[in-house]
Amino acid sequence: MFFLKPKTKLLLALNVNASTVQAVVFLARKNGKPEITRTFQKVAAFPLKADFPVLLQGIKQALAEIFKEIGKSAPIDGVFVSLSSSWYFAQPKIIKLRERENFELTEEILDQQLEKTISSVKEEFEKKFSVSKEELAILESRLFKILLNGYQVFDFRNKKIKTAELYVYLTVAPLGLTEEIKKIAKENLGANNVHFHTSSFILFEKMREIFGWDESFLIVDVGEEITEVMIVKSGLIKEISSFSKGGNFIIRKIISSLKITPEEAFSYLKMRGRNELIEDLKSKIENILKEAFLEWEKSFKEILDDFYRFEGPLPERIFMFNSALLPEQFAAAASFPELSDIFARGVPPVVLPFMPAAFRDEFLKEPAFKDHKEIVVSFLTLFFNRHVWEKS
């Protein structure tokens, strides 16, 4: 009797934040658990202001260093990249079709409608960020749900209908960034195919997998530059929005208030966590943080108010992910009492932060992920371990 060894692939997964790149090399196993073999992190120089060209240049350099280092080791079978909310624009859409006479929803009609919607999303991005449509790449185009004559179907073909509703999730990103990643992957690893996803979609997929495909919840992803908020109802992404106050916003508040360097600001926060600050400095830091988080709360509440106007009472569970510092403070800021009126049960939401240790059993060997900032790259590895076989 012969026992076949499980099929494996050596993959590279990258999580690209605003000024940090996390990378994981792992063995993907078909119908099995991934095994992490190496981890990397490169941090670009801290940007004193959220300037897109400066951020982009720093990230390109960090990516080049990681690819060069990985290129010295065993050949990589595939490259999978997740971009944080600093680098993409996401938009859920509902495409509605209605005819007086019966018609069939064909593959051709579906493709035409998706193309029109993609063009519309690119135009929105163009207006918002002053970027030409030709400079944008489509990262994800997902059709989540189809309603024909008001009923959900999984096979839309050969059906006479008068109405159709298509629930689509689209993301676009700067073509310059995606092409640069493809270029350096080719130069250093010989990789011809680089697959792109977004952090919001990966977090959404993992939460549905854990808590149920028809559940309702909010996802709050605190990145280095951007905080992104997604509302999911009955398993569908209903709205997604963001504001430019991430972890670096807090750091810049400390830098400007105390007239210190970024390195000193990070050092003070670490000392604060160990309760090592002298009393006078501790008091100053706490006052700065209080003021900064009040600003963050205000922006967060504005987004939730908008969601409430369009979607009604909000789900009471908030799943929070943090690629920045101070996870406890961000979690507290997301559940302040003034939010009660817009949530389903009239009480403050339950905020559930996630740590990598909670998912160690999903890996063949326990990974070295300990920090809250590594939760996204942890999910990233699990997501790509499953989906790489679909792209084979």
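Note that the coordinates shown come from a computational prediction; the quantities given were computed from them, not determined experimentally.

**Student:** Just to check I follow, could you spell out the pairing of strand β13 (residues 317-322) for this structure?
**Tutor:** Burial of β13 is extensive: five of the six residues sit out of reach of the surface. Pairing of strand β10 (residues 217-222) with β13 involves five bridges; the strand directions are parallel. Pairing of Val222 across the sheet is with Asn322, part of β13. Examined bridge by bridge, β13 and strand β14 (residues 350-353) share four bridges and lie parallel to one another. By the bridge assignment for β14, Met320 is matched with Pro353.

**Student:** Even after reading the chapter, I still don't get the environment of Val222, so can you show me in this structure?
**Tutor:** On the secondary structure map, Val222 appears in strand β10. On the basis of relative accessibility, which here comes to 0%, the residue Val222 falls in the buried class. Between the C-alpha atom of Val222 and that of Lys30, which follows or precedes it by 192 residues, the distance is 32 Å.

**Student:** Looking at this structure, how should I read the sheet that holds β10?
**Tutor:** The strands making up a sheet associate through backbone hydrogen bonding, with each pair oriented either parallel or antiparallel. Taken in spatial order, the five strands line up as β12-β11-β10-β13-β14 in an open sheet, and their pairing is mixed. Strands with a single pairing partner mark the edges of an open sheet, and in this sheet they are β12 (236-243) and β14. Sheet twist, expressed as the mean angle between neighbouring strand axes with direction ignored, is 20 degrees. As paired strands, strand β11 (residues 227-233) and β12 are joined by seven bridges and run antiparallel to one another. Within β12, the residue paired with Val229 across the bridge is Ser241.

**Student:** How should the sheet that holds strand β2 (residues 20-29) be read in this particular structure?
**Tutor:** The five strands are arranged β3-β2-β1-β4-β9 in an open sheet whose pairing can be described as mixed. A single partner strand is all that each edge strand has here, and the edge strands are β3 (35-43) and β9 (194-198). This sheet shows a mean twist of 20 degrees between the axes of neighbouring strands, independent of strand direction. When strand β1 (residues 8-16) meets β2, the two strands line up antiparallel, connected through nine bridges. By the bridge assignment for β2, Ala13 is matched with Val24. Along the sheet, helix α4 (residues 199-211) contacts β4 (78-83) and β9; its crossing angle with β9, the most-contacted strand, is approximately 75 degrees.

**Student:** What should I look at first to understand helix α1 (residues 52-70) in this one?
**Tutor:** In an α-helix, one turn spans 3.6 residues, which is why side chains three or four residues apart end up on the same side. Counted at 1.5 Å a residue, the expected span for α1 with its 19 residues is 27 Å, and the 27 Å between its end C-alpha atoms agrees. All of the buried residues in α1 are Leu55, Leu56, Gly58, Ile59, Ala62, Leu63, Ile66, Phe67 and Ile70. Looking down the long axis of α1, one finds its buried residues gathered within 165 degrees of arc, a one-sided arrangement. In this structure, α1 carries Pro53, Gln57 and Lys68 as exposed residues pointing more than 90 degrees from its buried face. Buried-residue contacts for α1 involve β1, β2, β3, β4 and α3 (175-189).

**Student:** Help me understand the packing of aromatic side chains in this model?
**Tutor:** Given two aromatic rings, their pairing is described by the distance between the two centres and the angle made by the two planes. Enumeration over the complete set of coordinates arrives at 18 aromatic pairs. Ring plane angle 25 degrees and centroid distance 6.1 Å describe the contact between Phe144 and Phe201, whose orientation is recorded as stacked. Of this pair, Phe144 sits in strand β6 (residues 136-148) while Phe201 sits in helix α4, placing them 57 residues apart in sequence. With a relative accessible area of 22%, Phe144 lands in the partly exposed category. Its relative accessible area of 0% is what places Phe201 among the buried residues. Here Phe383 and Phe384 contribute two aromatic rings whose centre-to-centre distance is 5.4 Å and whose plane-to-plane angle is 70 degrees, an arrangement assigned as edge-to-face. Look at Phe383 and you get buried, because its relative accessible area is 3%. Members of the aromatic cluster, joined through ring pairs, are Phe80, Phe144, Tyr169, Phe201, Phe204, Phe383 and Phe384.

Analysis parameters
- Residues numbered from 1 in each chain as written.
- Predicted model: local features only at pLDDT ≥ 70, side-chain atom pairs only at ≥ 80, totals over all residues.
- Heavy atoms only, no water.
- Buried < 20%, exposed > 50% of the residue type's maximum accessible area, 1.4 Å probe, protein only.
- Helix = DSSP H or I, 4+ residues; strand = E, 2+ residues; numbered from the N terminus.
- Pairing = 2+ DSSP bridges.
- Axes fitted to C-alpha atoms, helices over the stretch in contact; angles between N-to-C directions.
- Contact = heavy atoms within 4.5 Å.
- Expected span 1.5 Å × (residues − 1).
- Arc of directions from axis to C-beta.
- Phe/Tyr/Trp six-rings, centres within 6.5 Å; stacked < 30°, edge-to-face > 60°.

In short, the description is geometric, and any link to function would need to be established separately.
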